Amino acid sequence: MALVHHPVLNRFGETSTTAITSIDIHDFVRTCAFYDAGPVYIVHPADGMHALVADMTRYWQEGAGGARNPGRTESLAALRMARGLEDVLTGDTTWQLWYTSAQPPADARVVDVGELRSIPGKHLLVFGTGSGLDVKRLPTPNGWLSPVEGIGKVRHLSVRAALAIYLDRLCR
C-alpha cells in the first residue's frame, strides 16, 4: 500500500502537497496489519515531514508508547517512508501499480479489486490525499481500481475508509 501526499491535486485541480497526519500513519498501518497487507509506504518529499514521522514512530517503537501498546509497535514495523512513488518502484520488488480514485480516467483500464487475486505478481495499491493523485506527474499504472460506490449524497470517502473497504474486498 502507498499513501501519496505529493504529487496530489488540490480542490482547484492544481498540483499540490498535503501534510502527513498522525491519523494517516496509525490508521494505515493498523488497517494493513489487520489484513496482513504490507509494507505501507508514506510518500512525501519534505525532510520535515520525514522527521515528524520518525519522531512519532520512535515513541511507539522505542518509547513509552511501545511498552504500553506492543501491537502498535508491531504494526509500525511495516511502515516505510519514500520521497516519491518512483523511490518505491526502484526497490527490490517488482510491483504492479494500481491507482485509486473516485473518478478514474475515462480511458483507463479499471478492474475490481477482487480481480487482483487472479493477477500474478505483487500489487501496490496507491491512494492519494488532497483531491486525489496527480497522475500527470506519476508513473503509468497497470490500471485503476474500480471506485467505491456509495448510495448516499456524499461522493468522497476518507482515504482511510477507502483503504479499509478495498482491503476487505480484496481479502474476501
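Given the structure is predicted, the values throughout are model-derived calculations rather than measurements. (Residues numbered from 1 in each chain as written. Predicted model: local features only at pLDDT ≥ 70, side-chain atom pairs only at ≥ 80, totals over all residues. Heavy atoms only, no water.)

Residue-level account of helix H2 (residues 47-61), with values.
Between its first and last C-alpha atoms H2 spans 20 Å; for 15 residues at 1.5 Å apiece the expected length is 21 Å, and the two agree. On its buried face, H2 is in contact with helix H1 (22-34), helix H3 (64-68), helix H4 (70-76) and strand S5 (79-82). (Helix = DSSP H or I, 4+ residues; strand = E, 2+ residues; numbered from the N terminus. Expected span 1.5 Å × (residues − 1). Contact = heavy atoms within 4.5 Å.)

How would you sum up the sheet that holds strand S7 (residues 110-111)? Please name residues and give values.
Strand pairing in a sheet relies on backbone hydrogen bonds, with the paired strands running either antiparallel or parallel. Spatially, the seven strands line up as an open sheet ordered S5-S4-S1-S8-S6-S9-S7, and their pairing is parallel. Where the open sheet ends on each side, the last strands, each with one partner, are S5 and S7. Note that strand S1 (residues 2-4) and strand S8 (residues 122-128) share three bridges and pair parallel. Looking across to S8, one finds that alanine 2 is bridged to valine 126. Contacting S1, strand S4 (40-43), S5 and S8, H1 runs over the sheet at an angle of about 160 degrees to S4. (Pairing = 2+ DSSP bridges. Axes fitted to C-alpha atoms, helices over the stretch in contact; angles between N-to-C directions.)

Which residues make up the pairing of strand S6 (residues 95-99), and what values go with them?
Burial within S6 is extensive, with five of its five residues counted as buried. Judged by which residues are buried, S6 turns out to be covered on both faces: Trp95, Leu97 and Tyr99 on one side and Gln96 and Trp98 on the other are all buried. The pairing of S6 with S8 spans five bridges and is parallel. In the strand pairing of S8, glutamine 96 is matched with histidine 123. Where S6 and strand S9 (residues 143-145) come together, two bridges link them in parallel fashion. Bridge pairing in S9 links tyrosine 99 to tryptophan 144. (Buried < 20%, exposed > 50% of the residue type's maximum accessible area, 1.4 Å probe, protein only.)

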